[in-house]
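Notes for the structure review
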Amino acid sequence: MPFIPHTETEIRSMLDTIGVNELEAIFDEIPDDLRCGQLEGVPEGLTEYEVTRLLHQRAAEDQALSCFAGAGAYDHHIPAAVWEITTRGEFYSAYTPYQAEASQGTLQLIYEYQSMMASLTGMDISNASLYDGASALAEAVLMAVRANRKSKSRKLLVAGTVNPTYRKVTNVIVHNQNISLDEVPFDNASGTTVTAALEAHAGEDYAALVIQQPNFFGSLEAVDEMTDWAHANGMLVVAVANPMTLAALKAPGQWGEKGADIACGEGQPLGVPMSSGGPYYGFMCCKQPLARQMPGRIVGRTVDLDGNPGFALTLQAREQHIRRSKATSNICTNQGLCVTASTIYMSLLGPEGLARVASASHKNMNALLAAIKDIDGVSVAHAGPSFHEALITLSKPAAVVIEQMANLGFLAGVSVSEDYPQYENALLVCTTETKNDADIAAYATALNTVLNGEAA
Amino acid sequence: MPFIPHTETEIRSMLDTIGVNELEAIFDEIPDDLRCGQLEGVPEGLTEYEVTRLLHQRAAEDQALSCFAGAGAYDHHIPAAVWEITTRGEFYSAYTPYQAEASQGTLQLIYEYQSMMASLTGMDISNASLYDGASALAEAVLMAVRANRKSKSRKLLVAGTVNPTYRKVTNVIVHNQNISLDEVPFDNASGTTVTAALEAHAGEDYAALVIQQPNFFGSLEAVDEMTDWAHANGMLVVAVANPMTLAALKAPGQWGEKGADIACGEGQPLGVPMSSGGPYYGFMCCKQPLARQMPGRIVGRTVDLDGNPGFALTLQAREQHIRRSKATSNICTNQGLCVTASTIYMSLLGPEGLARVASASHKNMNALLAAIKDIDGVSVAHAGPSFHEALITLSKPAAVVIEQMANLGFLAGVSVSEDYPQYENALLVCTTETKNDADIAAYATALNTVLNGEAA
Amino acid sequence: MVDAVKMEKVIFEHSVSGRRATVQAPAVAADFSDLPSALLREDKPLLPETSELQVVRHYTRLSQKNFSIDTQFYPLGSCTMKYNPRACNTLAMLPNFLARHPLAPASHSQGFLACMHDLQEILQEVTGMKGVSLTPMAGAQGEFAGVAMIMAYHRQRGDMERNEIIVPDAAHGTNPATAVMCGCVVKEIPTGPDGDVDVEALKAVVGPNTAGIMLTNPSTVGVFERKIEEISKIVHEAGGLLYYDGANLNAILGKVRPGDMGFDVIHMNLHKTFSTPHGGGGPGSGAVGVSERLVPFMPMPHVLKEGDRYRYVTEADVPDSIGRLSGWAGNAGVNLRAYIYARLLGRDGMHRVAEFAALNANYLQARLSAAGFDLAYPDRRASHEFIVTLKRQAKDIGLTATDIAKRLLDKCFHAPTIYFPLLLTSCLLIETTENEAKEDLDAFVEAMIEILREAEADIEMIKGAPYTQPVRRLDDVKAARELDVVWPN
Amino acid sequence: MVDAVKMEKVIFEHSVSGRRATVQAPAVAADFSDLPSALLREDKPLLPETSELQVVRHYTRLSQKNFSIDTQFYPLGSCTMKYNPRACNTLAMLPNFLARHPLAPASHSQGFLACMHDLQEILQEVTGMKGVSLTPMAGAQGEFAGVAMIMAYHRQRGDMERNEIIVPDAAHGTNPATAVMCGCVVKEIPTGPDGDVDVEALKAVVGPNTAGIMLTNPSTVGVFERKIEEISKIVHEAGGLLYYDGANLNAILGKVRPGDMGFDVIHMNLHKTFSTPHGGGGPGSGAVGVSERLVPFMPMPHVLKEGDRYRYVTEADVPDSIGRLSGWAGNAGVNLRAYIYARLLGRDGMHRVAEFAALNANYLQARLSAAGFDLAYPDRRASHEFIVTLKRQAKDIGLTATDIAKRLLDKCFHAPTIYFPLLLTSCLLIETTENEAKEDLDAFVEAMIEILREAEADIEMIKGAPYTQPVRRLDDVKAARELDVVWPN
Ligand SMILES: Cc1ncc(COP(=O)(O)O)c(C=O)c1O
Ligand SMILES: Cc1ncc(COP(=O)(O)O)c(C=O)c1O
């Protein structure tokens, strides 16, 4: 009986204590006609060895490709210490730290995490995580609508350069509450939002403007101007950020005159494996006045009966288990273990290490673009600097190129023409610090082979 | 500076405290002409990411073969929990438990280990490990010579069916002390020691007789008779055992009338990965009267100042750090972490689980022999039961077969004709519980292909 | 005696400007001179400047300050703290699984997709539903998906008025919160004295605006809802759908199937019943199963099998889907762990989960009752959990649920749930999963008896507990009033 | 207050007949009916009958009762408790490395063999030797290999009388024990008051029977042997060889090379200088390096590179080898960790090891001296370690090394070495590696000062230490007298 310690003798003695004759009797309150059958659809149990073998086989089917794809999930090096510590039983198998005295490890760690994220984003306060980057944007949108008391429209402006999947997810989550997003078109040549597009909405009632930096194409938005414009028009500013890039880029809290009001995004680049898209975690930070509108858990430092410092969940009155239908969100279980990994990751990297990761990722993109820009059938879509992603267009459909590149061992990038039909055969490519000159050269050679049927 | 935390400021302030001007000054007692040069032979340092990539590449070069080789290193399933717990920092990065109060974890675990091994072998006492099975035999031989006060010859009798490598290693270690081993020939047809061969030595002065069960060929020796014969002739009995098989086979402590005096062997089958041959560990157990001749560390249970139970190293007066040149051995660092793994392994398997592993390994050998015995060019060398290894002879040189089988994804076995020239093209094959019917059929097909150039 | 072993500075206190774990970052210094300087940051973010050893030591030491399943019996009601098999972690973290980009082509992802597909099938079978989507990232998001599907179903039928979700007052807070996030109005109904839903109250509230009802069964007070078939009939006849909060699925796995009880949609907390770890707060996975009529609305993406090939559905395959709830496909790595767990259990193992979870709970309930503790529902069977009320002890000697909880920590047991369900005050919701051994339950009973004796002898001592933890009782009020949520404050 | 958190039963106390972790063994019951019953065991061996959760919980909890590098500063002299980079473990445990059978053909082992070969080269370079074999499984076995090679060298030259090994009295116990295992006679020579070897005594003892000398440099009292060149000359001229006990290699790595000092053979404790973990007692690796004349005698097997292919030597390649010391090729997995560590350090990193180990040691020595502690060798530089003597405090207030050691545990520091070297009584041998940060050294100094103050105020309190560990001071005498070494006793 997998994971069940009971011996026959024990079962008997326990049944006696309960005062029943057989196990089935414990279920005598359940109507007979509801009892379930044989569960034939479930395969027979396997031993750990058999499962191990099966999973090794399955894993072997998914050959690891040299990854040049990003679009929200990034192939960074994760120090070995990160997950060796994160998966220690005491972190891995603990529940949410409701019993503070028996959970100081997790609680202190989250406090440290909050401090790091608040500083990276230039904000006053951070929560303990949301599900992922996409759903974090949805929560930020709901929060902005709640927080911007002056706005009545239940509408937000969103830059067209914000990750299209994030916009879709946000829409799925917020539309039930009659909240909607209006898209700000961008300049096709630069891949960034231009002020004129914003000006079209001047004076209109929007709860907030959503800006992603670096944007979906890896290009850099004029965040200072955009933020000031939004504030001037009575909107809050929601920043979507890649926290890795914040080692280099201006923190959202410092955008423009007053800074963005809410920063959110995907925490995965900070020590979380790509792992087919999850578990990752959404981070969310905000300025002090919005603190009580924040969804999710928050840890605070306090003192114990002896006056010694200690940590506990705080501001729980915002949460569903206290506030129920009036809570700031329905979120309960979040992505704690990924936050654990990220906190260890950030501690190992430090400000200088993270900046080096950012810089190497960025330089590799410059190198990649230089290596492929002259290949027949490749054009770089946007002028202006890219951080570590860029859009290229190809002489063949992106899906075909991706498939053929995969056969050569590369994940070539992400096809985006479905979301941006203005670009034909468009491929979003990405480089991180894990690539070296040889990798980039090999990619260029493979791409040339795929597009032009020959070695470079 | 890898792993060095010092900042420039700190270095300055530390040098000031020491009262020197520069780092070099700390080494001013070392003659100048001895300072070493550039160390050009050492490659430049790599980042963890670069090393990770390098080691993944190296690992990928060593394709894992379906393992049908044993001969002292066995391919058993190791529950995931074993090494996840074993490599926890508190076990992994602790020193030898000299400070008992701060090492109760390791100490209690060793006490538990000693208890399990003593019971498996049917002995009174176990040490905390030796280096490996081969060197454990050498220590057992030294111990037997010390312990058998009546014997003056400094000679031992060793069955020819004892692992030949163990005999070589033992010889390397003991010959400096003018101790030598005489080999007892075995019966080529059964692959076991016959009494007549022992009788040839009746009345001679030997410190001990060394018996391996199951023997190197996987065959079962008549251990009761051999033990009684040795005792009758004034010899001690040293048992070399595979602890996995002791879930099924008679414990050495119960061999014959009085039982073997010392049991030793390789601990690897109990939860230690094959890992190119190490780290493994040698176990050693003995009867009470020999306890103070035991090499290596021993943990005992005692009480603390409050009268609560606790654990500490004991009988240290046998050891080199106290007894120096008169110690029972020079061993200091042993193989603690592997013992940690084994203790967890044995706890997870329990008596029934270990017996199942043994049984499945054994049955798979029966199945393998049935599957290959009729292949052209294959003969099974020995009549009589095999445990989970057996010797087969081939129509082609074993080395060639091994190479060609490897290209088909199998580690076919171990070539042994060098050590046993009486068998031509001999291959020692092994099965564990990790093999299933399909694996065995695939092996047979591959072997037929290799020997006869065709599919079965 | 100051217990230095318990102290651990905040990581920033180990930080020294210029220090770093050099092997963890590229060897080349950072340089962003080619980027517009106005867009660059000027300040150094407050990340620790520490050595690798310091980081390893700090977080290893922090970890030791947690209770966890791997170190303590953890009878936290409603949380199903089962053993998280280490193999599930080891195998889900095989390098190729970790290295898979979520958008890697299906041609190079058959291994992973096969696992997800098999898991969908297994969950479908054990819940008796007709479709499963693995994308919700926790129970609450599963609830969201469920209610959103219910709304989409009504709207697609042109039923534009139904916007009321009925929720029993004993429900978990996520239930009403979710209903509101889906734009619904919450109608609360009371729980009867026997723990079952008050059917008359239900009848009074159903009507043409009823979108559905969210039920947990066994309910959060630990008893099986005996009138489930009647409830199902009432709601369905009124045109509403039934939502099953599957957080308590462990209580019935292998015994009853929500699909057979008449539910239209269920979310499962795979981080409970399927034993993926709770990770000190998550991640979880809130897979949803649906009845026939809701299949078209399932959240995207789920895995299709075509011949012997697997692929994710696209928008074109499922035009009526409520859409995506996450950037990719939910907590894939968590689902992988659940899959591995399901394969280890297998058919036979599934049948035993509820059986032994219930055996343990009823045994513990019987023993605690015999030891003098009052049960909230003395005439009912425990499901996989049950409630002890301390009303009597509170009145007699001032002993509260919190006191017992804190004192249990000193005796090396995690506390039961004390803050939930809200409708019962000073109670302990005790859940012991099928993984705990009889002697551990017995030891828990001994500890409870001991605490009662201690409290009778010296209630002040109990009010001071815990004494053996890294900190004594914490000041929650100060935490909320004098907010200190980032370093340095 | 009984601290339940500290208690942990012996695993057998969790055992219940018939219980087991079912997924860990084949599903089919054991059956040996085809084997001769006389050879089968009748009794059930005393292995625990426990659930997987019980095992995980028990050993996780036990682990928490250890001090370790990952949790505490560990200034244990002579033990070089460096940070064991987690990457070394992770990478050495890649599935293909773990799955490699030791006799897998070289054709399918080029990756592993390349690592071993590269490590041989690196160790050769940093020690200045001409050959390296990785097979000895710990320092003591490295010593055995070294002395055995010395003996084989003399014997091969027909020099049959040389059987004396000179060992300074400060040497580690393994040195004399090893000499005896190699059939030699030990000649002990004294250490001078300044920590250097007494050269006159050496001269008096060398002669035609001298096989060699075993030296540690820096010696076990923590100082560099300044007369090393003279010693080398004396011994070589007498026809003896020089053995370098490399346990203290960390003190000179990147600064001086034993080969350049004239040594003929060295063993390295890779589990010290090359930072493979100590594992609570091992495994280690005692790789040996040799000068030109000993190359033919190196223990088997080592890795040869031919063109771009690697293979192990066979008996035919090295007919004069002293032979094999282990079943296969030593502690391969440990050597893999050392290799990974060496690649992370690289050339520059190697140069810094001794530099910063010595900086830390000399800083700590200076601070402790200033704080009023007496140094054993006040006029000498510390190498990577140094000795504080407590003669004065022992006389004045009865404070012993053991007292300080035990009290340090309460302050969350592992104790320094107190049992070694044997020739100094009541002393602390303190080693702080290059990995520790200045503030941790400072905190250690504070703790030492505090203990001194505490002892002056209340020596009885100190005698009772430790107070914060799972147990108080243990009765070693009882442990040896009333031997309880297996359960049940
Ligand atoms: C009854 C019940 N419903 C819903 C939830 C919410 O699940 P989650 O925390 O995964 O969002 C929980 C658990 O926390 C629960 O116990
Ligand atoms: C100076 C010295 N020599 C030799 C040894 C023996 O090394 P090992 O314990 O690896 O056998 C040690 C360490 O224990 C030592 O400190």
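Residues numbered from 1 in each chain as written. Chains lettered and ligands numbered in written order. Predicted model: local features only at pLDDT ≥ 70, side-chain atom pairs only at ≥ 80, totals over all residues. Heavy atoms only, no water.

**Here we look at the relation of the copies chain D and chain C**
Mapping chain D onto chain C is achieved by rotating through 180° and translating by 0.0 Å along the same axis, at an RMSD of 0.0 Å. Between the two chains, the operation in question is that of a two-fold axis. Taking C-alpha positions as the reference, the residue of chain D nearest the rotation axis is Gln64 of chain D, at 3.6 Å. Mapped onto chain C, 100% of the interface residues of chain D again fall at the interface, so both copies present the same surface. (Least-squares fit on C-alpha atoms with pLDDT ≥ 70 in both. Contact = heavy atoms within 4.5 Å.)

**Description of helix 1 (residues 52-63) of chain C**
The periodicity of an α-helix, 3.6 residues per turn, causes residues three or four places apart in sequence to face the same way. Here helix 1 of chain C contains 12 residues, and its C-alpha end-to-end distance of 16 Å stays within 8% of the 16 Å for a straight helix at 1.5 Å per residue. With 12 of 12 residues buried, helix 1 of chain C lies mostly within the body of the structure. (Helix = DSSP H or I, 4+ residues; strand = E, 2+ residues; numbered from the N terminus. Expected span 1.5 Å × (residues − 1). Buried < 20%, exposed > 50% of the residue type's maximum accessible area, 1.4 Å probe, protein only.)

**Details of the pairing of strand 12 (residues 427-431) of chain C**
Residue and element names in this part refer to chain C. Most of strand 12 sits inside the fold, with five of its five residues counted as buried. Here strand 12 shows no split at all, with Cys427, Leu429 and Glu431 on one side and Leu428 and Ile430 on the other all buried. Looking at chain direction, strand 11 (residues 385-389) and strand 12 are connected through five bridges and run antiparallel. In the sheet register, Thr389 faces strand 12, and the bridge partner there is Cys427. (Pairing = 2+ DSSP bridges.)

**Considerations on the domain arrangement of chain C**
Note on interface size: it is often stated as the accessible area lost on association of the parts. Residue and element names in this part refer to chain C. For chain C, the domain assignment lists domain 1 (3-63), domain 2 (87-345) and domain 3 (352-463). The interface of domain 2 with domain 3 comprises 26 residues on the first partner and 18 residues on the second. Between domain 2 and domain 3, roughly 1,700 Å² of surface is buried when both sides are summed, and carbon and sulfur atoms account for 57% of that area. The salt bridge partner of Asp196 is Arg380, with a shortest N-O separation of 3.1 Å. The interface formed by domain 2 and domain 3 holds seven residue pairs in polar contact (both at pLDDT 80 or more) in total. Looking at the side of domain 2 that touches domain 3 residue by residue, the class counts come to 12 nonpolar, nine polar and five charged. (Domains from an automatic or database assignment. Buried area = accessible area lost by both parts, 1.4 Å probe. Salt bridge = Lys/Arg side-chain N within 4 Å of Asp/Glu carboxyl O. Polar contact = N/O pair within 3.5 Å; in protein donor to acceptor, adjacent residues only side chain to side chain. Nonpolar A, V, L, I, M, F, W, Y, C, P; charged D, E, K, R; others polar.)

**Overview of the packing of helix 4 (residues 110-127) of chain C against helix 10 (residues 332-370) of chain C**
Residues and elements named next belong to chain C. Interaxial distance between helix 4 and helix 10 falls to 9 Å at its minimum, and their mutual angle equals 50°. Viewed along their axes, helix 4 and helix 10 adopt a mutual orientation that is oblique. Between helix 4 and helix 10 the crossing geometry is left-handed. Side by side, helix 4 and helix 10 meet where Phe112, Cys115, Met116, Asp118, Leu119, Ile122 and Val126 of the first sit next to Ala332, Asn335, Leu336, Ala338, Tyr339, Ala342, Arg343 and Met350 of the second. Looking at the contact of helix 4 with helix 10, its residues break down into 12 nonpolar, one polar and two charged. (Axes fitted to C-alpha atoms, helices over the stretch in contact; angles between N-to-C directions. Parallel < 35°, antiparallel > 145°, perpendicular 65-115°, else oblique. Left-handed = near helix turned anticlockwise from the far one by under 90°.)

**Focus on the domain arrangement of chain A**
Residue and element names in this part refer to chain A. Each assigned domain of chain A is listed here: domain 1 (8-60), domain 2 (66-75 + 357-452) and domain 3 (80-345). Just the C-alpha atoms count here: the centres of domain 2 and domain 3 sit 28 Å apart. At the interface, 25 residues of domain 2 touch 30 residues of domain 3. Of the roughly 2,000 Å² buried between domain 2 and domain 3 on both sides combined, carbon and sulfur atoms contribute 61%. Where domain 2 packs against domain 3, one counts one salt bridge. A salt bridge links Asp419 to Lys168; its shortest N-O distance comes to 3.2 Å. Taken together, the links from domain 2 to domain 3 amount to nine residue pairs in polar contact (both at pLDDT 80 or more). Among the elements of the structure, helix 11 (336-372) and strand 12 (389-394) are those that each provide at least two residues to the side of domain 2 that touches domain 3. When its residues are assigned to classes, the side of domain 2 that touches domain 3 shows 16 nonpolar, six polar and three charged.

**Things to note about the site of ligand 2**
Taken together, 16 residues surround ligand 2, and among them Thr333 of chain B together with Ser78, Gly139, Asp245 and Lys272 of chain D come closest. Residues near ligand 2 are shared among chains B and D, making this a multi-chain site. The contact in question runs from an oxygen atom of ligand 2 to an N or O atom on the side chain of Thr333 of chain B, over 2.5 Å. A distance of 2.7 Å separates an oxygen atom of ligand 2 from a polar backbone atom of Gly139 of chain D. Compared with its free state, where it exposes 390 Å², ligand 2 has 99% of that area covered by protein. Class assignment for the residues of the shell around ligand 2 results in five nonpolar, eight polar and three charged. (Near = heavy atom within 4 Å. Areas by Shrake-Rupley, 256 points an atom, 1.4 Å probe, with all protein chains shown as cover.)

**Regarding the packing of aromatic side chains**
Within this structure, the stated rule accounts for 44 aromatic pairs over all chains. Ring geometry for Phe73 of chain C and Phe413 of chain C: centres 6.0 Å apart, planes at 85°, overall edge-to-face. One end of the pair, Phe73 of chain C, is in the loop between helix 1 and helix 2 (86-92); the other, Phe413 of chain C, is in the loop between helix 12 (401-410) and strand 12, and 340 residues separate them in sequence. Phe73 of chain C sits in the buried class, given a relative accessible area of 4%. Relative to Phe444 of chain D, the ring of Phe413 of chain D lies with its centre 5.5 Å away and its plane at 80°, an arrangement referred to as edge-to-face. Residue Phe413 of chain D is found in the loop between helix 12 (401-410) and strand 12 (427-431), and its partner Phe444 of chain D is found in helix 13 (residues 438-457); the two are separated by 31 residues along the sequence. You'll find Phe413 of chain D and Phe444 of chain D in the same group, each marked buried. Here the aromatic residues Phe186, Phe216, Phe217, Tyr420 and Tyr423 of chain A are joined through ring pairs into a cluster of three or more. Between the NZ or CZ atom of Arg86 of chain D and the centre of the ring of Tyr92 of chain B, over which it lies, the distance is 5.0 Å. Over the ring of Phe27 of chain B we find Lys255 of chain D; its NZ or CZ atom is 5.0 Å from the centre of that ring. (Phe/Tyr/Trp six-rings, centres within 6.5 Å; stacked < 30°, edge-to-face > 60°. Lys NZ or Arg CZ within 6 Å of the ring centre and 35° of its normal.)

**Here's the deal with the interface of chain A and chain C**
With 192 residues of chain A at the interface, the matching set in chain C holds 199 residues. Summed over both sides, the interface of chain A with chain C buries roughly 16,600 Å², with 64% coming from carbon and sulfur. Looking at the side of chain A facing chain C, the largest losses of area belong to Tyr95, Glu101 and Arg324 of chain A, adding up to 5% of the total buried there. The interface formed by chain A and chain C holds seven salt bridges in total. Here Arg380 of chain C ties to Glu29 of chain A by a salt bridge, and the two come within 2.7 Å at their closest N and O atoms. Looking at the side of chain A that touches chain C, the element that brings in the most residues is helix 11 of chain A, giving 23 residues. Of the residues contributing to the side of chain A that touches chain C, the split by class is 98 nonpolar, 60 polar and 34 charged.

**Brief notes about the sheet that holds strand 10 (residues 374-375) of chain C**
Taken together, three strands build an open sheet; the order of strands is 10-11-12 (chain C) and the sheet is antiparallel. One side of each edge strand has no neighbouring strand; the edge strands of this open sheet are strand 10 and strand 12 of chain C.

**Some words on the side chain of Thr52 of chain B**
Assignment of secondary structure puts Thr52 of chain B in helix 2 (residues 48-61). Judged by relative accessible area, which is 16%, Thr52 of chain B ranks as buried. The residues contacting Thr52 of chain B, other than those within four sequence positions of it, are His77 of chain A together with Leu91 of chain D.

**Quick word on the site of ligand 1**
Not every one of the 16 residues close to ligand 1 is listed here, only the nearest: Thr333 of chain A together with Ser78, Gly139, Asp245 and Lys272 of chain C. In this structure ligand 1 sits where residues from chains A and C come together. Contacts to ligand 1 include Asn269 of chain C, whose side-chain N or O atom sits 3.1 Å from an oxygen atom. Residue His271 of chain C places a side-chain N or O atom 2.7 Å away from an oxygen atom belonging to ligand 1. Broken down by element, the shell around ligand 1 gets its largest block of residues, three residues, from helix 5 (residues 139-156) of chain C. Taken together, the residues of the shell around ligand 1 break down into five nonpolar, eight polar and three charged.

**Re the interface of chain D and chain C**
The interface is formed by 40 residues belonging to chain D together with 40 residues belonging to chain C. Each partner contributes to the roughly 3,300 Å² buried at the junction of chain D and chain C, and carbon and sulfur atoms together form 58% of this total. Between chain D and chain C we count four salt bridges in total. Inspection of the chain D/chain C interface yields 14 residue pairs in polar contact (both at pLDDT 80 or more). Mapped onto the side of chain D that touches chain C, the elements with two or more residues apiece are helix 1 (52-63), helix 12 and helix 13 of chain D. With seven residues, helix 1 of chain D is the single largest residue contributor to the side of chain D that touches chain C.

**Brief notes about the sheet that holds strand 6 (residues 265-268) of chain C**
Residue and element names in this part refer to chain C. Strand order in the open sheet made by the seven strands is 1-7-6-5-4-2-3, with mixed pairing throughout. Every other strand in the sheet has two partners, leaving strand 1 (131-133) and strand 3 (185-189) as the edge strands with one partner each. Within this sheet the neighbouring strands show an average axis-to-axis angle of 20°, counted without direction. As paired strands, strand 1 and strand 7 (residues 288-290) are joined by three bridges and run antiparallel to one another. Among the inter-strand pairings, Ser133 is bridged to a residue of strand 7, identified as Val288. Each of strand 2 (164-168), strand 4 (210-216), strand 5 (241-246), strand 6 and strand 7 is contacted by helix 5, which is oriented at about 170° to strand 5, the strand it contacts most. In the packing of helix 8 (residues 228-237) onto the sheet, the strands contacted are strand 4 and strand 5, and the crossing angle to strand 5 comes to about 135°.

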